[in-house]
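# Architecture and fold: a report
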Amino acid sequence: MNKWTSFDTRWVLSLFGTAVGAGILYLPIRAGGGGFWPVVVMCFLIFPLVFLSHRALSRFVAQANGSEKDITHAAEEYFGFKTSIFISILYFFAIFPICLAYCVGITNTFESFIYHQLLPLLDTNFANFINQAYISTDKGMVLLPFYRALLVFILVSIFMLIMLFSEEFITKVCEWLVYPLCFVLFVFSLYLIPQWNLSSLVNVPNFKDFIIVVWLTLPVLVFAFNHSPAISTFSLSVKRKYDDYDKKSSQILFNTSAMLLVFVMFFVFSSVLSLSPQELQMARVQNIPVLSYFANKLDNAFISYGGPLVAFLAISSSFFGHYFGAREGAYGIVRKCVKLSGKNPNLKFISISCTSLMYVIMLLVGYYNPSVLGFIENLGGPIIAAILFLMPIIAIYSVSKLKKFQNKALDGFVFIMGILTIVTVIYVF
């Protein structure tokens, strides 16, 4: 195997950044409802699940002919043109709702930060002016509609401007964001230790409630570790760089999964031990990341300013990775539909029209402020499970060039967990 290089490190950080976004910031809110011990069980489930599923998806992309064809082209090669349209639609709807959730999350993070942390630092006259932009509701202090619309426009527009740059530049931006993110997230988790309430260690739900808590947390858990939106771009990049791309991809994905396990679950443990189930429920009602809740609750400068900083870094780095996948899926759907009508697709027109439409939708959703956890539990998590857990396993057993990767025990584990994640939607509704 080739030596470890800066290229590999950049991709580990980029994939890590893709995963660490709204998922990690909202996972404690969902997972903490059942106490400490269900979270321990989640640790043992999530590492093999994340590594095996992302490796299978990477192989799904990389084994297709050529080094420039993304996941939508691979689906067309393996399953045929018409089936690939359905897969492209599924892929898009697995990822784009997450971009929408990030637009809501980043807006609410800034909205909360401006009122609770920034306002006390401002000159009295300016502070009074800003204060007039807020109104009291059952969710706390929120911006008046005009000012929320303005904030959404500024934040989403900045995100979209960055996406106009090259893939290499964006992965470097993610790398710049991930270093401080890792550091602050780890320090934040350590800093919460004095806040831990260890009495929750003796509270163990009965067996039925225990299983239900773990099961219903699966969509958010899967989402918190999910870096599949960047897997297509990653797999093709590694394929162009290395001859033995399968081993190198596996090595990078293993290191990414291990890094995620350590940073994400330590943060989840620290958060769950520091907040009561009632406080976690309040964070859900306010539709804010757990870090913003900590910042508003604790009278501490580090947490007050460090919490929103981590939320901003996490959501930003993850948005870029997810937008890669959403854009790829949107282009694939339109391109295939145009082909199906018998016409040659105009790729430039498709690019401009899809990007413009996605931009407008993100602005509207960011303004209307739907539940972020609702997006994850009812839409993002289950559809991600279909793309990430089911599709590659089905391909491994139905496509001849992928059959060499079969492992019935491991494949069965991934497939069953995918089914369980998807059917949580039935229980919720």
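What counts as what
- Residues numbered from 1 in each chain as written.
- Predicted model: local features only at pLDDT ≥ 70, side-chain atom pairs only at ≥ 80, totals over all residues.
- Heavy atoms only, no water.
- Helix = DSSP H or I, 4+ residues; strand = E, 2+ residues; numbered from the N terminus.
- Rg over C-alpha atoms; globule rule 2.2 N^0.38 Å.
- Buried < 20%, exposed > 50% of the residue type's maximum accessible area, 1.4 Å probe, protein only.
- Contact = heavy atoms within 4.5 Å.
- Areas by Shrake-Rupley, 256 points an atom, 1.4 Å probe, with all protein chains shown as cover.
- Lys, Arg positive; Asp, Glu negative; His and termini not counted.
- Charge placed at Lys NZ, Arg CZ, Asp CG, Glu CD.
- Expected span 1.5 Å × (residues − 1).
- Polar contact = N/O pair within 3.5 Å; in protein donor to acceptor, adjacent residues only side chain to side chain.
- Phe/Tyr/Trp six-rings, centres within 6.5 Å; stacked < 30°, edge-to-face > 60°.
- Lys NZ or Arg CZ within 6 Å of the ring centre and 35° of its normal.
- Pairing = 2+ DSSP bridges.
- Salt bridge = Lys/Arg side-chain N within 4 Å of Asp/Glu carboxyl O.
- Core = buried A, V, L, I, M, F, W, Y, C linked by side-chain atoms within 4.5 Å.

## Quick word on the overall build of the protein
Assigned secondary structure in the protein consists of 17 helices and 2 strands. By the compact-globule yardstick of 22 Å for 429 residues, the protein fits well, its C-alpha radius of gyration being 21 Å. Taking the principal axes of its C-alpha atoms as reference, the protein extends roughly 65 × 50 × 45 Å. Going through the 429 residues of the protein one by one, you find that 57% of them count as buried. Of the contacts formed within the protein by residues at least 6 apart in sequence, a portion of 83% connects residues at least 24 apart. Total accessible area on the protein stands at roughly 17,800 Å², and carbon and sulfur atoms take up 67% of it. Where the 28 positive side-chain charges of the protein centre and where its 20 negative ones centre are 9 Å apart.

## Section: helix H15 (residues 347–368)
With 22 residues, H15 extends 32 Å from end C-alpha to end C-alpha; this agrees with the ideal 32 Å at 1.5 Å per step. Every buried residue of H15 is listed here: Ile-350, Cys-354, Thr-355, Met-358, Met-362, Leu-363, Val-365 and Gly-366. Of the residues that open H15, the one with a side-chain oxygen 3.3 Å from the backbone nitrogen of Lys-348 is Asn-346. Immediately downstream of H15, the backbone of Asn-369 shows phi near 65°, a positive value.

## Thoughts on helix H13 (residues 290–297)
Of all 8 residues in H13, 6 are buried; the element is thus mostly enclosed. Every buried residue belonging to H13 is among Val-290, Leu-291, Ser-292, Tyr-293, Phe-294 and Ala-295, and all of these are buried.

## Observations regarding the environment of Ile-135
One can find Ile-135 in strand E1 (residues 134–137). Considering only alpha carbons, one finds Ile-135 and Lys-404, 269 residues apart in sequence, at a separation of 60 Å. If we ignore the near neighbours within four places in the chain, the residues touching Ile-135 are Gly-140, Met-141, Val-142 and Leu-144.

## A few points about the packing of aromatic side chains
Taken as a whole and assessed by the stated rule, the structure comprises 24 aromatic pairs. An angle of 85° between the planes, with centres 5.4 Å apart, marks the rings of Phe-47 and Phe-254 as edge-to-face. With Phe-47 in helix H3 (residues 36–62) and Phe-254 in helix H11 (residues 245–274), the pair connects residues that are 207 residues apart, well separated along the chain. Given the relative accessible area of 21%, Phe-47 is considered partly exposed. Judged by its relative accessible area of 39%, Phe-254 falls in the partly exposed class. Both rings, one in Phe-92 and one in Phe-93, keep their centres 5.2 Å apart while their planes meet at 80°; by these two values the pair is edge-to-face. Joined through ring pairs, the aromatic side chains of Phe-16, Phe-186, Phe-263 and Phe-266 make up one cluster. Sitting above the plane of the Tyr-242 ring, Lys-248 keeps its charged end 5.2 Å from the centroid.

## Here we look at the pairing of strand E2 (residues 140–143)
Pairing of E1 with E2 involves 4 bridges; the strand directions are antiparallel. In the sheet register, Thr-137 faces E2, and the bridge partner there is Gly-140.

## A closer look at unusual backbone geometry
With the exception of glycine, the majority of residues adopt a negative phi angle, and the majority of peptide bonds are in the trans configuration. Of note, Asn-369 is a non-glycine position whose phi angle comes to about 65°, a positive value. As for its position among the elements, Asn-369 is in the loop between H15 and helix H16 (372–398). On the accessibility criterion, Asn-369 (18% relative accessible area) is buried.

## Observations regarding the pattern of salt bridges
Taken as a whole and assessed by the stated rule, the structure comprises 6 salt bridges. Across the salt bridge formed by Lys-401 and Glu-77, the nearest N and O atoms sit 3.0 Å from each other. In this pair, Lys-401 is assigned in the loop between H16 and helix H17 (408–428) and Glu-77 in helix H4 (residues 71–79), connecting sequence segments 324 residues apart. Assessed through its relative accessible area of 32%, Glu-77 is described here as partly exposed. Two residues, Glu-279 and Lys-297, come together in a salt bridge whose shortest N-O distance is 3.0 Å.

## Side note on the nonpolar core
Residues Phe-60, Phe-225, Val-264, Phe-319, Phe-320 and Met-362 are the most contacted members of the largest nonpolar core, which totals 153 residues. Discounting residues that sit within four places of it in the chain, Phe-319 has contacts with Cys-99, Tyr-102, Cys-103, Phe-159, Met-160, Met-163 and Met-362.

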